[in-house]
Amino acid sequence: MHTTPKPSIIGRNMHRHARRVIVAGLAVVASVAMSGLFVGLPHPLPLTKNSAFAQSTEGPSRFASLKFNEVRLRRGPGLEYPMDWIYKREGLPVQLLNEYENWLQIRDFEGTTGWVNRSQLSSHRTVIVIGSVPRVMKREDSESSATIARLEPSLIAEVTQCGRGDDAWCRLEKGDLRGWVRVSELWGIGADEIAADN
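The written sequence of each chain sets the order in which its residues are numbered from 1. Per-residue local features are limited, in this predicted model, to residues with pLDDT of at least 70; the limit for side-chain atom pairs, both in listing and counting, is 80 or more; totals at the level of whole chains, interfaces and linings are taken over all residues. With hydrogens and water excluded, all non-hydrogen atoms of the structure serve as input to the side-chain values.

Trainee: Quick rundown of the overall build of the chain? Include the residues and the values.
Mentor: Helix numbers and strand numbers start at the N terminus; a helix is a DSSP run of H or I with at least 4 residues, a strand a run of E with at least 2. Within the chain one finds zero helices and 18 strands. Going through the 198 residues of the chain one by one, you find that 47% of them count as buried. Accessible area of the chain: about 10,400 Å², with a carbon and sulfur share of 48%. Using a 1.4 Å probe on the protein chains alone, a residue whose accessible area is under 20% of its type maximum counts as buried, one over 50% counts as exposed, and one in between counts as partly exposed. Surface exposure here means Shrake-Rupley accessible area, sampled with a 1.4 Å probe, where a residue is shielded only by the protein chains that are shown.

Given below as structure tokens:
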């Protein structure tokens, strides 16, 4: 009897949770982590450099991703501040909160905040799969569309476009795999980026 093959699970061999490293007595997290009416996602990394903190949390959402496989997170905007964490995952999406000269304050998907040098970030937009169970990737942005893969929690993928509204889908790319996942199952997209037009 002919049976339909089950969709593959992408990222099964990846760590489900943030990888942790101990450096100088501190826990150092390495966190691992696409779109109806469609919106192209901006590349918001370039911020206006100021001599004082620029509060950006009240404006449009700004996201970036880690440029390297090792990025140090500090308590303040400068090398003189102690290092709290070392991220060990290139491409991890982060939210930009504040800036000071060449330093940007970021927040990761677990809520950890700190400062990194601007040179350590990329404008390349990525998302991380959240939750405790694999998430369904569809061929099209519809629940009735065929399931083409299941994405493990903490998988990072490139996001190219998203729909609008509370039930939006985002289009992801991971290697040769391309498909749609509900935005509610991802982290790295601002609510204002998918807000429905009035």
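Trainee: Which residues make up the environment of Arg-75, and what values do they have?
Mentor: Mapped onto the fold, Arg-75 is located in the loop between strand 6 (71-74) and strand 7 (83-87). Arg-75 sits in the partly exposed class, given a relative accessible area of 49%. Along the backbone, Arg-75 and Val-116 are 41 residues apart, and their C-alpha atoms lie at a distance of 9.1 Å. Whenever a nitrogen or oxygen atom comes within 3.5 Å of another N or O atom, the pair is scored as a polar contact, on the condition that within protein one atom can donate a hydrogen and the other can accept it, and that pairs from neighbouring residues in sequence are kept only if both atoms are in side chains. Polar side-chain contacts of Arg-75 include one of 2.6 Å to the side chain of Asp-84.

Trainee: So, the packing of aromatic side chains: which residues are in play, and what are the values?
Mentor: Between rings of Phe, Tyr and Trp, where Trp is taken as its six-membered ring, a pair exists when centres lie within 6.5 Å; planes separated by under 30 degrees are stacked, by over 60 edge-to-face, and by other angles tilted. Using the criterion set out here, one finds one aromatic pair in the structure. With a centroid separation of 5.5 Å and 80° between ring planes, the pair formed by Phe-63 and Trp-187 is classed as edge-to-face. Taken together, the residues Phe-63 in strand 5 (residues 63-66) and Trp-187 in strand 18 (residues 186-187) connect sequence positions 124 residues apart.

Trainee: Quick one: what's the story with the confidence of the model for the chain, residue by residue and with numbers?
Mentor: Here the chain averages 77 in pLDDT, while 68% of its residues score no lower than 70. For every residue, the pLDDT score states the predictor's confidence, bounded by 0 at the bottom and 100 at the top. Mean pLDDT across the secondary structure elements of the chain bottoms out at strand 3 (residues 26-30), with 29, and peaks at strand 13 (residues 135-138), with 98. What makes two residues a contact is simply this: any of their non-hydrogen atoms within 4.5 Å. Taken together, the stretch residues 12-58 has pLDDT below 50 and engages in 161 contacts with residues farther than four places along the chain or on a different chain.

Trainee: Go over the environment of Trp-180 with me, naming the residues and quoting the values.
Mentor: Examined against the element boundaries, Trp-180 turns out to sit in strand 17 (residues 177-182). Taking relative accessible area as the criterion, Trp-180 reaches 7% and is therefore assigned buried.

Trainee: Can you lay out the pairing of strand 8 (residues 93-100) for me, pointing to particular residues and giving the numbers?
Mentor: Extensive coverage of strand 8 is indicated by the burial of seven of its eight residues. Note: strand 5 against strand 8, three bridges, orientation antiparallel. Looking at strand 8, one finds that Ser-65 is bridged to Pro-93. Here the rule is simple: two strands pair whenever DSSP picks up at least two bridges between them. Taking the residues between adjacent antiparallel strands as the criterion, strand 8 and strand 9 (residues 103-107) are bridged by two residues, where Glu-101 takes a positive phi near 55°.

Trainee: Just give me the short version of the side chain of Thr-126, but keep the residues and values in it.
Mentor: Along the chain, Thr-126 turns up in strand 12 (residues 126-129). On the accessibility criterion, Thr-126 (5% relative accessible area) is buried. Here the side chain of Thr-126 touches Gly-91 through a polar contact of 2.6 Å, landing on its backbone oxygen. The residues contacting Thr-126, other than those within four sequence positions of it, are Ser-65, Gly-91, Leu-92, Pro-93, Ile-156, Ala-157, Glu-158, Val-159 and Gly-188.

Trainee: Describe the nonpolar core, listing the residues and the values that go with them.
Mentor: Counting residues in each nonpolar core, the largest one holds 19 residues, and the members touching the most others are Met-137, Leu-151, Val-159, Cys-170, Leu-172, Leu-186 and Ile-189. Looking at this core, the elements that each hand over two or more residues are strand 12, strand 14 (147-151), strand 15 (156-162), strand 16 (169-174) and strand 17. For our purposes a nonpolar core is just a set of buried Ala, Val, Leu, Ile, Met, Phe, Trp, Tyr and Cys residues, chained together by side-chain atoms within 4.5 Å. Among the nonpolar cores identified, the runner-up in size contains 17 residues, and Val-71, Leu-92, Val-116 and Leu-121 belong to it.

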